[in-house]
Amino acid sequence: MPKVSDFSLALSRLTIAIKSVIVMLFFTPFFTVKASVSVNISIEQPQHHYAQITIEFDKFKREQTNFHLPTWRTGRYKIINLANGIRQFSAVDGNGVPLKWKKIDKDTWQVQGTLDKKIAISYQVYANQLGQRTRHIDDSHAFIDASTVVMYNDSARDQQHLISLNVPAAWRSVSGLEAGTEPHKFIAKNYDVLVDSPIETGINEHHKFSVDGLNYELVIWGKGNYDSAKMVADLTVLVQQSKHIWQGYPFERYVFMVHATSGAKGATEHLNSTIIQRSRFQFSSRKDYLGFITTAAHEFVHTWNVKQYRPKGLVPYDYQQENYSTLLWLSEGSTSYLQNQLLLRGDLMSSTEFLESLAKRITGYIHKPGRKSQTVAEASFDKWLEEGGDYDKNHSVNIYSEGFLVSWLLDFSIIEKTNLAKSYRDVHNALYQNHKIPKSFDEADLVSIINNITGENYHDWWQKNVHGFAEVDFDTLLAQAGLTMSYGVEKSNKQQAWTGIKTKQLGHSLQITAVEKNSPAWQAGLMLDDIIVAINGLRITDKDLSERLKNFKPKDRLRVTYFRRDELDTRMIVLATIPKAKLKIMPLKQVSEHQKAFFKQWTGIDFPSS
């Protein structure tokens, strides 16, 4: 270790901000305890969304060393430009002497002269991506997903990382990471643990609770109409329900992070925590609260499915490129399916709410033309290319919704083949017991597990439903559990006119945002972004087409006047028909004891009385 005067002299060549961080880095005792990689995150200008990052590495065995920032983050299978907020990169050796460096691609910085030297790199991060759940800093908090903030070196990836935050005095820092000996300090076993354990620091509401010897925390940033006492009570119930699927827990401590915001929404699973974002005023009504607790259940299921067992192609993570798998439908769609298993068994969702949710999924499936163009295996492999929008709806399937459907089909098949003795839950417990990371599993492993559970050969089933286009007879499927579906009661089972388009207001006109494949509008040649100005010669004045369509019946002819490329044109649409009421799922009038038992094996609750 050089003398302080020499060290300070060398550091004078760098900026004052970097200088102060380097001094802290090399001389704070926290960073001398066994750690091979020490990370300091200094947030001194939160109102400007800035953080200064300094990372100290042990000696390297090469003359030049590459440092990377991941090009994607866990939980989101999409390449994103995380390095776009990095500025003011610099590097020094253990004596504080600046080292030459160059950027060799969008996510990689190469430092020269690193052989047998300790190295410290420093850079500024701009963090203003709240909705992406990557990094966000303002005057009230910072949310840090380390994969978007902390660079890594391949040779040091498996080494212990010590994290120290320099934040405003009033802030509280919470993470699923192991806590250090002082506030705002954390310990990660390696880089993979670090990037899968986000940190929430700032002015927040914080709750702790314990269940069956395990510790849980709820941290909420932002004001809103939530009832945190109810959230804690329901999360306490929720976390106990995993025993109905998996034997054992992969953690001793788990953190629920909640952002009550003014626009950002969504959620992301992590190793021992989750981040959930919702509008600050979408907690109080039953519909809104059910959305919150359902999201919490989904992310909690991920603690096993993805964070403990993961398909080949994603083990270990390659942070610099796409990680391909044909089984992402199981990682996400099965999680969507299993979340309700927790909610129903914990009485956090009623049977009525469950059946309403199932009816919405069936409706979505019926109006998803892409189910005949892309298999769920193809959708998994191509998840990295998914863009959403009109084309995806008509020519693709979603790994969440289609994965839910395949999981449902598989569950019912297993229940039937084993005469109600086993279910899809047993498949996931087998994955947890036998394929924990660093192991992984492929399609052959999965089919083998199903074969062993059922005593049947599922090769043909797999080819038909995973690598083929699953065709579902929902009436037959539901009848196995004593259920049926219809569009309202018989006397109100009416039809209404349908065009197959969705629109949004554009001034005094309606712009087409989606055209369902093979619908009347599709057949008539209407296109995405056409601007409808009149129907049968009368100007459009409604916010959408629903009010105007009430004046027409199925098979009526509609003269649609619209602008395309600023040119006025007209098309004729022959209206089709769809049910006027929403799809409902309800018990059959005559239900056998076997059907009731099937329903209970499926859901974990008694068959609904009506």
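No experiment lies behind these values; they were computed from the predicted model shown.

A. Fine view of the overall build of the chain. The helix and strand tally for the chain stands at 17 helices and 30 strands. At 28 Å, the chain has a C-alpha radius of gyration in line with the 25 Å of a compact globule built from 610 residues. Projected onto its principal axes, the C-alpha positions of the chain cover 90 × 65 × 45 Å. Counting all 610 residues of the chain, 55% fall into the buried class.

B. The arrangement of the confidence of the model for the chain in detail. With 93% of its residues at a pLDDT of 70 or more, the chain has an overall mean of 92. Low pLDDT (under 50) marks residues 1-33, which in the prediction has 60 contacts with non-local residues, meaning those over four places away or in another chain.

C. Structural context of the sheet that holds strand S18 (residues 253-261). The strand order across the open sheet formed by five strands is S16-S17-S18-S20-S19, and the pairing between neighbours is mixed. On the outer flanks of this sheet lie strand S16 (205-211) and strand S19 (266-269), each paired with one strand and no other. Within this sheet the neighbouring strands show an average axis-to-axis angle of 15°, counted without direction. Lying on the sheet, helix H5 (residues 286-302) is in contact with strand S17 (214-221), S18, S19 and strand S20 (273-279); it crosses S20 at an angle near 160°.

D. Representation of the pattern of salt bridges within the structure. Within this structure, the stated rule accounts for 13 salt bridges. Between lysine 78 and glutamate 387 there is a salt bridge; the shortest N-O distance is 3.6 Å. Here lysine 78, found in the loop between strand S3 (64-68) and strand S4 (86-93), pairs with glutamate 387, found in the loop between helix H8 (376-381) and helix H9 (389-395); they are 309 residues apart in sequence, far enough to count as distant. One salt bridge in this structure joins aspartate 192 and arginine 157, with 2.8 Å as the shortest N-O distance.

E. Representation of helix H6 (residues 328-345) within the structure. Between its terminal C-alpha atoms H6 stretches 26 Å, which fits the 26 Å expected from 18 residues at 1.5 Å a residue. In the structure, H6 departs most strongly from a straight axis at threonine 335, where the bend amounts to approximately 30°. Burial runs high along H6: 18 of the 18 residues are buried.

F. A look at the packing of helix H11 (residues 424-434) against helix H12 (residues 443-454). At a closest axis distance of 10 Å, the pairing of H11 and H12 adopts a crossing angle of 125°. Classed by the angle they form, the pair H11 and H12 counts as oblique. In terms of crossing hand, the pair formed by H11 and H12 is right-handed. Here H11 contributes Asp426, Val427, Ala430 and Leu431 to the contact with H12, which in turn contributes Leu446, Ile449, Ile450 and Ile453.

G. Expanded view of the sheet that holds strand S14 (residues 185-188). Strand order in the open sheet formed by seven strands is S4-S7-S2-S1-S11-S14-S13, with mixed pairing between adjacent strands. The open sheet has two edge strands, S4 and strand S13 (178-179), and neither has a second partner. In this sheet, strand S2 (residues 50-57) lies alongside strand S1 (residues 37-42) in antiparallel orientation, the contact comprising six bridges. Counted as the bridge partner of isoleucine 41 is isoleucine 53 from S2.

H. Quick peek at the environment of threonine 503. By secondary structure assignment, the location of threonine 503 is in strand S23 (residues 501-506). Non-local contacts of threonine 503, meaning those with residues more than four positions away in its chain, are made with Leu510, Gln511, Ile512, Thr513, Asp544 and Leu545.

I. Layout of the nonpolar core. Judged by nonpolar contacts, the single largest core of 145 residues is most densely connected at Trp408 and Trp602. No other element matches helix H10 (residues 401-417), which puts nine residues into this core. The residues contacting tryptophan 602, other than those within four sequence positions of it, are Tyr337, Gln341, Arg345, Phe354, Leu358, Trp408, Asp411, Phe412, Ile415, Arg425, Ala481 and Leu483. Of all hydrophobic cores here, the second largest spans 19 residues; its members include Ile501, Ile512, Phe552 and Tyr562.

J. Region of interest: the packing of aromatic side chains. Going through the model one piece at a time under the given rule, you end up with 46 aromatic pairs. Ring geometry for tyrosine 152 and tyrosine 191: centres 4.8 Å apart, planes at 35°, overall tilted. You can see tyrosine 152 sitting in the loop between strand S10 (141-144) and strand S11 (161-166) and its partner tyrosine 191 sitting in helix H3 (residues 191-195), a full 39 residues away along the chain. Looking at tyrosine 191, the relative accessible area reads 0%, which means it is buried. Seen in terms of ring centroids, tyrosine 191 and tyrosine 319 are 5.8 Å apart; in terms of plane orientation they differ by 80°. Their pairing is edge-to-face. With tyrosine 191 in helix H3 and tyrosine 319 in the loop between H5 and H6, the pair connects residues that are 128 residues apart, well separated along the chain. Like tyrosine 319, tyrosine 191 is buried.

K. Structural detail: the pairing of strand S24 (residues 509-515). Burial within S24 is extensive, with six of its seven residues counted as buried. In terms of strand pairing, S23 meets S24 through six bridges, oriented antiparallel. Within S24, the residue paired with lysine 502 across the bridge is alanine 514. Counting the residues that bridge the hairpin from S23 to S24 gives two residues, and of these glycine 507 lies at a positive phi of roughly 65°. Bridge count for S24 against strand S25 (residues 531-535) is two bridges, and the pairing is antiparallel. Counted as the bridge partner of leucine 510 is isoleucine 532 from S25.

Reading guide: rules and limits
- Residue indices begin from 1 for each chain and proceed along its sequence in written order.
- Two thresholds apply to this predicted model, a pLDDT of at least 70 for residue-level local features and 80 or more for giving and counting side-chain atom pairs, whereas whole-chain, interface and lining totals are computed over all residues.
- Side-chain numbers come from the whole structure's heavy atoms, not from hydrogens or water.
- Every helix listed is a DSSP run of H or I at least four residues long, and every strand listed is a run of E at least two residues long, numbered separately from the N terminus.
- Only C-alpha atoms enter the radius of gyration; for comparison, a globular chain is expected to reach 2.2 Å times N to the power 0.38, where N is the number of residues.
- Exposed residues in this analysis have more than 50% of their type's maximum accessible area, buried residues have under 20%, and partly exposed residues fall in between, with area computed by a 1.4 Å probe over protein chains only.
- How sure the predictor is of each residue is captured by pLDDT, a score from 0 to 100.
- Every residue pair with non-hydrogen atoms within 4.5 Å of one another is taken to be in contact.
- Between any two strands, at least two bridges found by DSSP are needed for them to pair.
- Every axis in this analysis is a line fitted to C-alpha atoms, fitted for helices over the stretch in contact. Angles between the N-to-C directions lie between 0 and 180 degrees.
- What counts as a salt bridge is simple: a side-chain nitrogen of Lys or Arg found within 4 Å of a carboxyl oxygen of Asp or Glu.
- Here the expected length of a helix is defined as 1.5 Å per residue gap, with one fewer gap than residues.
- Fitting one axis to the seven residues ending at a residue and another to the seven starting there, the bend at that residue is the angle between the two axes.
- Note that the term roughly parallel is reserved for angles under 35 degrees, roughly antiparallel for angles over 145, roughly perpendicular for angles of 65 to 115, and oblique for everything else.
- Take the far helix as the reference: if the near one is turned anticlockwise from it by less than a right angle, the crossing is left-handed, and if turned clockwise, right-handed.
- Remark: nonpolar core denotes a set of buried residues (Ala, Val, Leu, Ile, Met, Phe, Trp, Tyr, Cys) joined through side-chain atoms within 4.5 Å.
- Side-chain rings of Phe, Tyr and Trp, where Trp is taken by its six-membered ring, are said to pair if the distance between their centres is within 6.5 Å; with planes under 30 degrees apart they count as stacked, over 60 as edge-to-face, and otherwise as tilted.

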